[in-house]
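The residues making up each chain are set out below.
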Amino acid sequence: MSPNGNEPTIPAGVSAQELDADAARALTTLSGPNRDIVARHLVMAGQLIDLDPEAAYQHAQAAVSRAGRVDVVREAAALTAYASGRYEEALREVRAVRRMRGDESLRAVEADAERGLGHPEKAVEIIDATDSSSLDLAEQVELVLVSSGARADLGQPDVGLVIVDDALAVLPASADDELRRRLMAVKAERLTELGRTEEAEEVIAAMPAEAEDTDIIDVALYQDADVDNKRSPLRGSESALAEEFDCALLDLDGTAWSGDERIEHAASSVIEARTMGMASAFVTNNAMRTPQQVADKLNGMDFEATPEMVMTSAMDIAAIMAEELEEGAKVFVLGGPGLRLALEERGFELVDSADDEPAAVVQGLDKEVNWALLSEGAFAIERGAAFYASNLDATLPVERGQALGNGSLVRAIQHATRKRPTAGGKPEPGIYRRASELVGATNPVAVGDRLETDIMGAVAAGVPAMHVLTGVHRAREVLRAPRGQRPAYLAIDMRGLLESHPAPKHHRDGTWTCGLSQVAKVTRAGVLTLDDIELTDAVTISIDSYRALAAAAWEWADGSGNPVTCPEITVVDNDDPAGIVTAPEPVVDADDDFVEGTDADALPEPGEDTPAFLPGEEELEALLESTADMDDEA
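Residues numbered from 1 in each chain as written. Predicted model: local features only at pLDDT ≥ 70, side-chain atom pairs only at ≥ 80, totals over all residues. Heavy atoms only, no water.

Chemist: Let's hear about the packing of aromatic side chains: which residues, and what values?
Modeler: Scanning the entire structure with this criterion turns up three aromatic pairs. With a centroid separation of 6.0 Å and an interplanar angle of 75°, the aromatic rings of Phe-245 and Tyr-489 are classed as edge-to-face. You can see Phe-245 sitting in the loop between α13 (241-244) and β1 (247-250) and its partner Tyr-489 sitting in strand β15 (residues 489-491), a full 244 residues away along the chain. Look at Phe-245 and you get buried, because its relative accessible area is 5%. A relative accessible area of 2% places Tyr-489 in the buried class. (Phe/Tyr/Trp six-rings, centres within 6.5 Å; stacked < 30°, edge-to-face > 60°. Helix = DSSP H or I, 4+ residues; strand = E, 2+ residues; numbered from the N terminus. Buried < 20%, exposed > 50% of the residue type's maximum accessible area, 1.4 Å probe, protein only.)

Printed below as a string of structure tokens:
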């Protein structure tokens, strides 16, 4: 065990002597004991990066906390952040390494991280600006692979093919076969994307054989022999999310409850996740309720919550205002008790009139608001008061439909004053950071049901999000979600916190699978398919097939610029046979003269008028007699 309790365990058999010699020399500026621990963390990061990227990342971070000024340590942080899908962090670390070294280090990782963030155009710019002559052959090949992939992401697979072909043409004959294999594999991908499948198969057949390992046989390698390295925003986790993340940032309506009704499995899953080490924070755009009122409602549904677990949009906007306004500033409030309490706790003086010269106007949802109050707020803003809003939700789901949300009322003042408010709440990223700080979390996952608030806000904050199908947005909307609103994990309900999530796999034939899914693909017309069955009518599918479809749908949308054509979809557990999509039975159009399956023995005997298309026994005998002489002559 490393001396610091918050560092990951280093097995006793791991030695600093296993570290690469160049990396070991870079650590010579450290003290003896610290140098040994940092070296062993780097050894663990290197050993785990392909097997368990998350664990590798934790070891690299432990090394950074001890020796963040050493370039090889920051390089390990960059590589493990990249391997674990933390692309923004990987970019920061790559650029830190480059500043330390003053060279072209990790350009391929930097470019591919931009691809991972959905910025293929930036990846192309990085590669075009790189002087590859200073890089070794393996690094140059990595740049070619990323460049080809970025061009494919931009809808230019033909350009991506030319890039790989040019690289293969100049690759030295003495080059490692693995480099040649990787280039040819990507060439096959580009050919497949261009519809040139026969050529792709020829390239695959001509690839150098992989080096055989007679000691270890991994059946999974054979099962996934056609899997390539194309990524999806959808992630996988071999362990339960409750073990992977230290906190769940939970939405309320549609996720924890539905109006005043319980959602099945919600409370029990959150309680069980806590026993696995996952803290809970409840994040809501409702600015009317105080944290105590939110906790009381949660406890009425068995969540065992405390006010200290609750982050409201009122608390979020109050924190923003505290950063921008003077302490004790006067504030005119359009909002309920939750907003007023949050502002008072931040030390603001609440006033009731524009004539009191408030420094700011803040607006949260208030169902009792009227023309006079809205006008008073507009008067204050016209006189120079800053304008804030707890959130900009246009609608509020109620039993009868979608009622006016705070954003709709904010628009009235905005229209009158032509001043745009500073907003808090979801989808602004700050509320997720503050909710994490509230419970001391450093590695949270967000959970929600609405794409344009819960998921979009989490994506903006760099927090992985799990979407549940218990609220506003259903599977169809998720499959058609635009960039910036795509969750990292998909679940039916809150039980997804207690489960592992298989990672989607892209195959060389352009299909996607995930866990126990059927094979997902999108036709050229944008129609979803499972096992080549087009999904055109309402359908029930398994959770893993849903995940595979999401990966396929998002890939197609990014390439075409349009969402897929998608029917209404019901998602069930993998073990529910209703989730297996099968081809419909063929329909036979029977007419009045033919009935399918009729018993031949029950048909009436032919009459004189019945035409005979085949000879009977008597006719056959006569025919044989008349041809007997012909047989003798032959």
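Now, onward.
Chemist: With reference to specific residues and values, describe the nonpolar core.
Modeler: Ranked by internal contacts, the top residues of the largest apolar core, which has 66 residues, are Met-321, Leu-343 and Tyr-546. Ranked by the residues each element gives to this core, the list is headed by helix α23 (residues 543-560), at nine residues. Setting aside residues up to four positions removed in sequence, Met-321 forms contacts with Val-331, Leu-343, Phe-348, Ala-360, Val-362 and Tyr-388. Judged by nonpolar contacts, the second largest core, of 31 residues, contains Leu-250, Trp-257, Val-468 and Tyr-489. (Core = buried A, V, L, I, M, F, W, Y, C linked by side-chain atoms within 4.5 Å. Contact = heavy atoms within 4.5 Å.)

Chemist: Which residues make up the packing of helix α8 (residues 137-153) against helix α9 (residues 157-170), and what are the values?
Modeler: Interhelical geometry of α8 versus α9 gives an angle of 165° and a closest axis separation of 7 Å. Viewed along their axes, α8 and α9 adopt a mutual orientation that is roughly antiparallel. The hand of the α8/α9 crossing is left-handed. Residue-level inspection shows Val-144, Ser-147, Ser-148, Arg-151 and Ala-152 of α8 in contact with α9, the latter providing Pro-157, Val-159, Gly-160, Leu-161, Ile-163, Val-164 and Ala-167. Partitioning the contact of α8 with α9 into residue classes produces eight nonpolar, three polar and one charged. (Axes fitted to C-alpha atoms, helices over the stretch in contact; angles between N-to-C directions. Parallel < 35°, antiparallel > 145°, perpendicular 65-115°, else oblique. Left-handed = near helix turned anticlockwise from the far one by under 90°. Nonpolar A, V, L, I, M, F, W, Y, C, P; charged D, E, K, R; others polar.)

Chemist: Break down the sheet that holds strand β7 (residues 349-351) for me, citing the residues and quoting the values.
Modeler: Ordered by their spatial adjacency, five strands build an open sheet running β7-β6-β8-β9-β12, and the pairing between neighbours is parallel. Of all the strands in the sheet, the pair left with one neighbour each is β7 and β12 (422-423). Bridge count for strand β6 (residues 330-334) against β7 is three bridges, and the pairing is parallel. Residue pairing in the sheet places Lys-330 in a bridge with Glu-349 of β7. Against the sheet, helix α16 (residues 313-324) engages β6, β8 (360-363), β9 (386-389) and β12, with an angle of about 155° to β9. Seen against the sheet, helix α17 (residues 337-345) touches β6, β7 and β8 and runs at an angle of roughly 165° to β6. (Pairing = 2+ DSSP bridges.)

Chemist: Residues and numbers for the confidence of the model for the chain, please.
Modeler: Per-chain confidence: the chain averages 88 in pLDDT, with 88% of residues scoring 70 or above. In this model residues 592-598 is a low-confidence stretch, pLDDT under 50, and it forms two contacts with partners more than four residues away in sequence or in other chains. Segment residues 610-615: pLDDT under 50, and one contact once partners within four positions in sequence are set aside and those in other chains are kept. (pLDDT = per-residue confidence, 0-100.)

Chemist: Help me get a handle on the pairing of strand β14 (residues 465-468), residues and values and all.
Modeler: Across the two faces of β14 the burial is the same, with Ala-465 and His-467 and Met-466 and Val-468 all buried. As paired strands, strand β13 (residues 444-448) and β14 are joined by three bridges and run parallel to one another. For Ala-446, the partnering residue across the bridge sits in β14 and is Ala-465. Following the chain from β13 across helix α21 (residues 451-461) to the adjacent parallel β14, one finds a crossover that is right-handed. Pairing of β14 with β15 involves three bridges; the strand directions are parallel. The residue bridging Val-468 from the neighbouring strand is Ala-491, located in β15. (Right-handed = clockwise from strand over helix to strand, strands pointing away.)

Chemist: Could you give me a rundown of the environment of Gly-155, with the residues and numbers involved?
Modeler: Tracing the sequence through the fold places Gly-155 in the loop between α8 and α9. Here the alpha-carbon distance between Gly-155 and Ser-560, two residues 405 residues apart in the chain, equals 7.5 Å.

Chemist: I'd like a description of helix α19 (residues 406-417), backed by residues and values.
Modeler: Taking 1.5 Å per residue as the helical rise, α19 with its twelve residues ought to reach 16 Å, and the 17 Å between its terminal C-alpha atoms agrees with that figure. Buried-residue contacts for α19 involve β6, β8, α18 (371-382), β9 and β11 (401-404). Two residues or fewer after α19 comes Arg-418, characterised by a positive phi angle close to 60°. (Expected span 1.5 Å × (residues − 1).)

Chemist: Explain a negative patch on the surface to me, using residue names and the numbers behind them.
Modeler: A cluster of like negative charges, contributed by Glu-349, Asp-352, Asp-356 and Glu-357, occupies part of the molecular surface. As for its placement among the helices and strands, Asp-356 is situated in the loop between β7 and β8. Classification of Asp-356 by relative accessible area gives partly exposed; the value is 33%. (Patch = residues over 30% accessible without salt bridge, like charges linked within 9 Å, V, L, I, M, F, W, Y side chains within 5 Å. Areas by Shrake-Rupley, 256 points an atom, 1.4 Å probe, with all protein chains shown as cover. Salt bridge = Lys/Arg side-chain N within 4 Å of Asp/Glu carboxyl O. Lys, Arg positive; Asp, Glu negative; His and termini not counted. Charge placed at Lys NZ, Arg CZ, Asp CG, Glu CD.)

Chemist: Account for the pattern of salt bridges, naming residues and giving values.
Modeler: Scanning the model with the defined rule gives 35 salt bridges in all. For Asp-165, the salt bridge goes to Lys-187, with nearest N and O atoms at 2.8 Å. Of this pair, Asp-165 sits in helix α9 while Lys-187 sits in helix α10 (residues 177-193), and the two are 22 residues apart along the sequence. Residue class for Asp-165 comes out partly exposed when judged on its relative accessible area of 30%. A salt bridge links Arg-434 to Glu-323, with the shortest nitrogen-to-oxygen separation between them at 3.4 Å. Pair noted here: Arg-434 is in helix α20 (residues 430-439) and Glu-323 is in helix α16, with a separation of 111 residues, a long-range link.

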